[in-house]
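Chains, contacts and geometry: an overview
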Amino acid sequence: GGNLMLIFFILFLELLTLLIGVNILSDDGIGIKNFLLWLLLIQIIGQFFYMEIGFLAIFLVLFFLITCLIIKSKKIFSSILITCLPLVTLVVTNYFAQVMEMYVVKDLLSSFIVNYDREIVATILTCILTILVCYLTKYVIGKLRRFIILERKYQILILIFLLFMIVIFYVNIFIGQIQGFSSEHITLTSILFFIYACLLCGVYLALIYTLNKDSKMKQERVLNQQLHDYTIQLEQFYNNLNSFRHDYLNILVSLEEGIRTEDIEMIKGVYHRVIKPTEQIVKSNDYILGKVRKVHIVEIKSLLAEKIIKSQAKGIDVRVEIEEIIESIYMDVFSFYRVFSILLDNAIEGASTTSNSYISIVFIQDKNIQRVEVENNCKEKEINLKNIYRKGYSSKGSNRGIGLYNVQQILNEHKYCTLETSYNTGVFIQTLILKREEK
């Protein structure tokens, strides 16, 4: 009876720790109601099936938790990842805890505690270590997340590697059960598991490093293309100016002749035939690209140029106001690039649904604050501003609403940046406010 109670207690602690790990690693936590309900259900599944099929019961618990998480978050990859990681951690730290208990803790505690139980002490150590490792993992993932968006093939690769590791661990445990867990077996296995865990971390970090490099190279290719387009547009602009300068002298000669002979018809002719068309060159959107030169950050300059060219190709009138020279952005440039790109794309898409379409881009810079305002006109309709940051929501139809949700996710990681949105009868304004970080 005492032995059964001990097994029940140890299982209870391990399943509780597994769920705490899942809760730590999941983006917004799983919520207190879900936590209590899932804890009750995994205890029932785990305890009952452990009596029937031994340690294989953990796979049923794993399947149950993954299913619940997928239903809750609709994300398959992260649901499997945040359930498997605490389980792998639990297995590895369990062996560590047993080695620590054997060689360190037993000598320290057994003289103080009357009913010293090795298994309970090792289990409590396991739980503490697992929770600490989960917090550390959450911190590392948080740091890496904003640089990396994993492609599907890499997600599958990571999951296969992780599941393969779990299988190896449990095969090892199974062999240990058959052979009996001697102190040598436990020490050897913990060394083996430690090497596995280090290998896993090494592979992940190498993969993330490679992907990071890859995404930077892709971004550089995009930047080069944007700068190439920008240069071509500027060349076109200067060619127009040169031909205008050449025509200008001819215009003066014709006008002078008309004024000298007081031939009003000739003056009118010169005006309508030659001067009026040049108004378009002077007012042309091309000169807007000249304003872009005030932005001294290559990535942002080329992004602006690309979006202006894209808008003009769609017949959208572009207005740009940049008063001060922009030397730096009060935010990580990579994150700002992603946010600004989404805001401009949304503005172009919104404006292209209406006639007399325009977008307006304004940079205002103070000593400690930068404001970037993107305004566009669009079809007049009801837009619920509360909903526009929800994942999957879009006023433009299905599968478009990922943009502003992503913007919100990026801004959540930058406490000095906020986004204000206003919509008023066919005019949409997004204002990004960046405060200089306090050093």
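Above this text sits the structure in question.
A brief structural summary. Keep in mind the model is a prediction, meaning the values are calculated, not measured.

**Quick look at the overall build of the protein**
For the protein, the count of helices and strands is twelve helices and five strands. A total of 439 residues make up the protein; the buried ones form 40% of that total. When the accessible surface of the protein is totalled, it reaches about 25,400 Å², and 62% of it is carbon and sulfur.

**As for the pairing of strand β3 (residues 369-377)**
By the bridge criterion, seven bridges tie strand β2 (residues 358-365) to β3 in an arrangement that is antiparallel. Note that in β3 the partner of I359 across the bridge is N376. Pairing of β3 with strand β5 (residues 427-435), which is carried by nine bridges, proceeds in the antiparallel orientation. When the sheet's bridge partners are listed, E373 is paired in β5 with T431.

**What to know about the sheet that holds strand β4 (residues 417-424)**
Pairing between the strands of a sheet is mediated by backbone hydrogen bonds and can be parallel or antiparallel. The mixed open sheet is built from five strands, whose spatial order is β1-β2-β3-β5-β4. Looking at the sheet topology across the chains shown, the edges are occupied by β1 (317-322) and β4. Strand-to-strand twist of the sheet, defined as the mean angle between neighbouring strand axes without regard to direction, takes the value 10°. Two elements, β1 and β2, share six bridges in a ladder whose sense is parallel. For R319, the partnering residue across the bridge sits in β2 and is S360.

**Here we look at a nonpolar patch on the surface**
The grouping of F48, F49, I53, L56, F59 and L60 at the surface amounts to a nonpolar patch, some 500 Å² of accessible area in total. Among the secondary structure elements, those contributing two or more residues to the nonpolar patch are α2 (32-53) and α3 (57-73). Per-element accounting of the nonpolar patch gives the leading share, three residues, to α2. By secondary structure assignment, the location of F48 is in helix α2. Residue class for F48 comes out partly exposed when judged on its relative accessible area of 49%.

**A word on the side chain of S79**
Along the chain, the position of S79 falls in helix α4 (residues 76-109). For S79, a relative accessible area of 1% gives the class buried. Within polar-contact distance, the side chain of S79 engages the backbone nitrogen of I70 at 3.5 Å. In this structure S79 touches I66, L69, I70 and S73, once residues within four positions along its chain are discounted.

**A few points about the pattern of salt bridges**
Using the criterion set out here, one finds five salt bridges in the structure. Here K307 makes a salt bridge to E306, at a shortest N to O gap of 3.7 Å. With a relative accessible area of 6%, K307 lands in the buried category. With a relative accessible area of 24%, E306 lands in the partly exposed category. With a shortest N-O distance of 3.4 Å, D345 and K310 are connected by a salt bridge. With D345 in helix α11 (residues 333-351) and K310 in helix α10 (residues 298-313), this residue pair connects regions lying 35 residues apart in the sequence. Relative accessible area serves as the criterion here: at 26%, D345 is assigned to the partly exposed category. Taking the relative accessible area as the measure of exposure, K310 reaches 33% and is therefore partly exposed.

**Considerations on the packing of aromatic side chains**
Going through the model one piece at a time under the given rule, you end up with three aromatic pairs. With a centroid separation of 5.8 Å and an interplanar angle of 80°, the aromatic rings of F340 and F363 are classed as edge-to-face. On the criterion of sequence distance, the pair formed by F340 in helix α11 and F363 in strand β2 is long-range, its members being 23 residues apart. Using a relative accessible area of 0% as the deciding quantity, one classes F340 as buried. On the basis of relative accessibility, which here comes to 4%, the residue F363 falls in the buried class. The rings of F336, F340 and F363 are connected pair by pair, giving a single aromatic cluster. Geometry around Y358 places R319 over its ring, the cationic atom sitting 4.0 Å from the centre.

What counts, and at which threshold
- Residue numbers restart at each chain and count upward from 1, following the sequence in its written direction.
- Whole-chain, interface and lining totals are the exception, using all residues; otherwise, since this is a predicted model, local features are given only for residues with pLDDT of at least 70 and side-chain atom pairs are given and counted only at 80 or more.
- Working from all heavy atoms in the structure, the side-chain values ignore hydrogens and water.
- Helix and strand assignments come from DSSP, with helices taken as H or I runs of at least 4 residues and strands as E runs of at least 2, each series counted from the N terminus.
- Only protein chains enter the area calculation, which uses a 1.4 Å probe; residues under 20% of their type maximum are buried, those over 50% are exposed, and those in between are partly exposed.
- Residue-level accessible areas treat just the shown protein chains as cover; the underlying method is Shrake-Rupley with a 1.4 Å probe.
- Here, any two strands with at least 2 DSSP bridges between them count as paired.
- Note on method: axes are straight lines fitted to C-alpha atoms, helices fitted across the in-contact stretch only, with angles between N-to-C directions ranging 0 to 180 degrees.
- Patches were defined on residues exceeding 30% relative accessible area and lacking a salt bridge, with like-charge contacts within 9 Å and nonpolar side-chain contacts (Val, Leu, Ile, Met, Phe, Trp, Tyr) within 5 Å.
- Take a side-chain nitrogen of Lys or Arg and a carboxyl oxygen of Asp or Glu: if they are within 4 Å of each other, that pair is a salt bridge.
- Side-chain atoms alone can form a polar contact between residues adjacent in sequence; in general such a contact is a pair of N or O atoms within 3.5 Å, and within protein one must be able to donate a hydrogen while the other accepts it.
- By definition in these notes, contact holds between two residues if any of their heavy atoms fall within 4.5 Å.
- For this analysis, a ring pair means two rings from Phe, Tyr or Trp (six-membered ring only for Trp) whose centres lie within 6.5 Å, classed as stacked if their planes differ by under 30 degrees, edge-to-face if by over 60, and tilted for the remaining angles.
- For a lysine, the NZ atom is tested; for an arginine, the CZ atom; a charge sits over a ring if that atom is within 6 Å of the ring centre and within 35 degrees of the ring normal.

None of the figures reported here should be taken as evidence of function without further support.
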